[in-house]
Amino acid sequence: MTRFAIVGLGYWGPNLVRNLHELPDAELVTVCDLRPEALESIQRRYPAVGTTQDFQDVVGDDSIDAVVISTPVSTHHRLAAAALSAGKHVFVEKPLAASSAEALDLVEIADRNNVVLMPGHTFLYSPPVMLIRDLIRSGELGEIYFISTSRVNLGLHQPDVSVAWDLGPHDFSILRYWLGETPCHASALARGCVIPNTPDVAFINLEFPSGTVAHVELSWLAPSKLRRTTVVGSQKMVVYDDTSSEPVRIFDSGAVLPNPETFGEYKLTYRTGDIVSPRVDAAEPLFRELEDFQNAIKTGSTPRSSAHLGVEVVRMIEAVDSSLDSAGSRVSIGASAPHAAAA
Ligand SMILES: NC(=O)c1ccc[n+]([C@@H]2O[C@H](COP(=O)([O-])OP(=O)(O)OC[C@H]3O[C@@H](n4cnc5c(N)ncnc54)[C@H](O)[C@@H]3O)[C@@H](O)[C@H]2O)c1
């Protein structure tokens, strides 16, 4: 039996409570939030769960093995560092921390205390995302030329971070997981339309060492919800639409230059073949993610959403910020941080 506490019961925290409650061999001992009304609402549904407004009660409770943190990004480092230092395994909602220095510090504290640190990159447990990773890694799509993605809808504006810090971790973690590499360059254009100096729309370009390029569009200001990614490979193309009942469609389409030497008079051959929509599991990603956290605690395995991947995602967002700080210039992202090489 793993004994858990959950800290932060705002928009996202109750989803963690519900999934953790259903996890076998897991007991939700305590929930913690600064707001009494958030605690009351959880206690009405789960009367056996303890509540506290004081995070120190969680850290000081020796019966708690693991702490799940779902508070605003600016608090992640302080809360996670305290829980790790108290010998707790820690799951922190994305992004792992508000800077790569903070994220690396958390990795170091976790290593020192021999406990699991896992960032909550939920999409790595989404069946369509896993299926597309298999397609990419098996070579079925051929060389990945480019990936283009839109993650837009109306709200929710975050008080303490830009849209790049809020929505960016989803696409950045997916790209990192699919391609197995961190981009070497980033450039970005953004605008704070509603709250001055807090970008609520961002257009981000990423270049990967393998040659793949990606465009990521993020926004809290859009008339309708779009979660659409196109992967274009030399052999096949994939459209992933997370809002569709057919989330993955594989197109046997492409273009070839039969005889590149006669460039002046070339004729391209276009191929438009079958479109396949594979069956995709209906598993809830958040449940699978918490299961992976528990498994890492029990067996010492590295979770798919590893701390190292979490550090790399933060480095990608930092690169976006530094491009925005220099009028959208193309900034280089250094080699992986020492801890991140295996991610
Ligand atoms: N994985 C996902 O798909 C997903 C989706 C949404 C949000 N998130 C992440 O979840 C986290 C929380 O986001 P949210 O939208 O729920 O935020 P929110 O502002 O709605 O909720 C945060 C909660 O934390 C509480 N809190 C703040 N400081 C605290 C402290 N020191 N001790 C105890 N409680 C404290 C607040 O009272 C509030 O109830 C963020 O990291 C966000 O990026 C992840």
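Residues numbered from 1 in each chain as written. Predicted model: local features only at pLDDT ≥ 70, side-chain atom pairs only at ≥ 80, totals over all residues. Heavy atoms only, no water.

**A look at the site of the ligand**
Heads up, the rule is: It suffices for a single heavy atom of a residue to lie within 4 Å of a molecule or strand for the residue to be listed as near it. Under this definition, polar contacts are N or O atom pairs within 3.5 Å; protein pairs additionally need one hydrogen-donor-capable and one acceptor-capable atom, and for neighbouring residues in sequence, both atoms have to be side-chain atoms. Only the protein chains shown count as covering a residue, and every accessible area follows the Shrake-Rupley method with a 1.4 Å probe. The rule is simple: put a 1 Å grid over the protein atoms alone, call a set of points where a 1.4 Å probe fits but cannot get out a cavity, call an open set with protein on both sides within 12 Å along at least five of seven lines a pocket, and count a residue as lining if it has an atom within 4 Å of a point. Placement in a cavity or pocket follows one criterion, namely that more than half of the molecule's atoms lie within 2 Å of its grid points. Residues are grouped as follows: Ala, Val, Leu, Ile, Met, Phe, Trp, Tyr, Cys and Pro are nonpolar; Asp, Glu, Lys and Arg are charged; all remaining types, including Gly, are polar.
Around the ligand sit 20 residues in total, of which Tyr11, Trp12, Asp33, Lys94 and Thr122 are the nearest. Here Gly10 contributes a backbone N or O atom positioned 3.5 Å from an oxygen atom of the ligand. The fraction of the free accessible surface of the ligand (860 Å²) that becomes covered by protein chains is 86%. When atom positions are compared with the pocket grids, the ligand is found to occupy the largest pocket. Of the residues that constitute the shell around the ligand, the class distribution is 7 nonpolar, 8 polar and 5 charged.

**Overview of the layout of surface pockets**
Which entries qualify depends on this criterion: Grid points are joined across faces, edges and corners, and a volume is the space filled by probe spheres set on the points. Going along the chain from the N terminus, every DSSP run of H or I of four or more residues is numbered as a helix, and every run of E of two or more is numbered as a strand. For the domain bounds, the source is a domain assignment made automatically or taken from a database.
The space that makes up the largest pocket amounts to roughly 1,400 Å³. Around the largest pocket sit 50 residues that line it, and Tyr11, Trp12, Lys94, Gln158 and Asp166 are the ones nearest its centre. Those elements giving two or more residues to the lining of the largest pocket turn out to be helix H1 (13-22), helix H4 (73-85), helix H7 (163-166) and helix H9 (285-299). The dominant element in the lining of the largest pocket, judged by the number of residues it contributes, is H4, at 5 residues. The class makeup of the residues in the lining of the largest pocket is 20 nonpolar, 17 polar and 13 charged. Here the lining of the largest pocket spans two domains, and each of domain 1 (2-122) and domain 2 (124-284 + 314-340) adds at least three residues to it. Considering only enclosed or pocket space, the second largest pocket measures out at about 340 Å³ in volume.

**A word on the UniProt feature "domain: Gfo/Idh/MocA-like oxidoreductase N-terminal" (unreviewed entry) in the protein chain**
To keep things clear, this is the line we draw: UniProt positions are given in the numbering used here, feature names are shortened, and annotations may be inferred rather than shown by experiment.
The UniProt feature table records "domain: Gfo/Idh/MocA-like oxidoreductase N-terminal" (unreviewed entry) at residues 3-121. Secondary structure over residues 3-121 splits into 44% helix and 24% strand, and the C-alpha atoms at its two ends are 22 Å apart.

**Things to note about a nonpolar patch on the surface**
As a reminder of what qualifies: Only residues whose relative accessible area exceeds 30% and that form no salt bridge enter a patch; like-charged residues are grouped when within 9 Å of one another, and nonpolar side chains (Val, Leu, Ile, Met, Phe, Trp, Tyr) when within 5 Å. The working definition used for a salt bridge is a side-chain nitrogen of Lys or Arg within 4 Å of a carboxyl oxygen of Asp or Glu.
On the surface, Leu154, Val194, Ile195 and Leu221 cluster together into a nonpolar patch covering about 360 Å² of accessible area. By secondary structure assignment, the location of Val194 is in the loop between strand S8 (185-191) and strand S9 (201-207).

**Some points on the sheet that holds strand S4 (residues 66-69)**
What counts here: Any two strands with at least two DSSP bridges between them are considered paired. Note on definitions: angles span 0 to 180 degrees between N-to-C directions of axes, and those axes are lines fitted to C-alpha atoms, for helices only across the stretch in contact.
Here 6 strands make up an open sheet; going across it, the order is S3-S2-S1-S4-S5-S6 and the pairing parallel. In this open sheet, the two strands that pair with only one neighbour each are strand S3 (50-52) and strand S6 (117-120). Sheet twist, expressed as the average angle between the axes of neighbouring strands with direction ignored, equals 20 degrees. Pairing geometry for S4 and strand S5 (residues 89-93), over 4 bridges, is parallel.

**Describing helix H5 (residues 100-113)**
What counts is decided by this rule: A helix is expected to span 1.5 Å multiplied by its residue count minus one. Exposure categories follow from relative accessible area, calculated using a 1.4 Å probe and restricted to protein chains: below 20% of the type maximum is buried, above 50% is exposed, and the middle band is partly exposed. In this description, contact between two residues means that some pair of their heavy atoms is separated by no more than 4.5 Å.
Counted at 1.5 Å a residue, the expected span for H5 with its 14 residues is 20 Å, and the 20 Å between its end C-alpha atoms agrees. Among all positions in H5, only Ser100, Ala103, Leu106, Val107, Ile109 and Ala110 are buried. Against H4, S6 and helix H10 (307-325) lie the buried residues of H5. Taken from the residues just after H5, Asn114 is the one with a positive phi, measuring 55 degrees.

**With respect to the nonpolar core**
Where we set the bar: By nonpolar core we mean a set of buried residues, namely Ala, Val, Leu, Ile, Met, Phe, Trp, Tyr and Cys, connected to one another through side-chain atoms within 4.5 Å.
In this structure, Leu117, Trp178 and Leu206 are the most contacted members of the largest nonpolar core, which totals 102 residues. Element by element, the count of residues in this core is highest for H10, at 9 residues. Every residue in contact with Trp178, bar those within four places of it in the chain, is listed here: Val129, Ile132, Arg133, Ile136, Arg137, Ile147, Thr229, Val231 and Tyr240.

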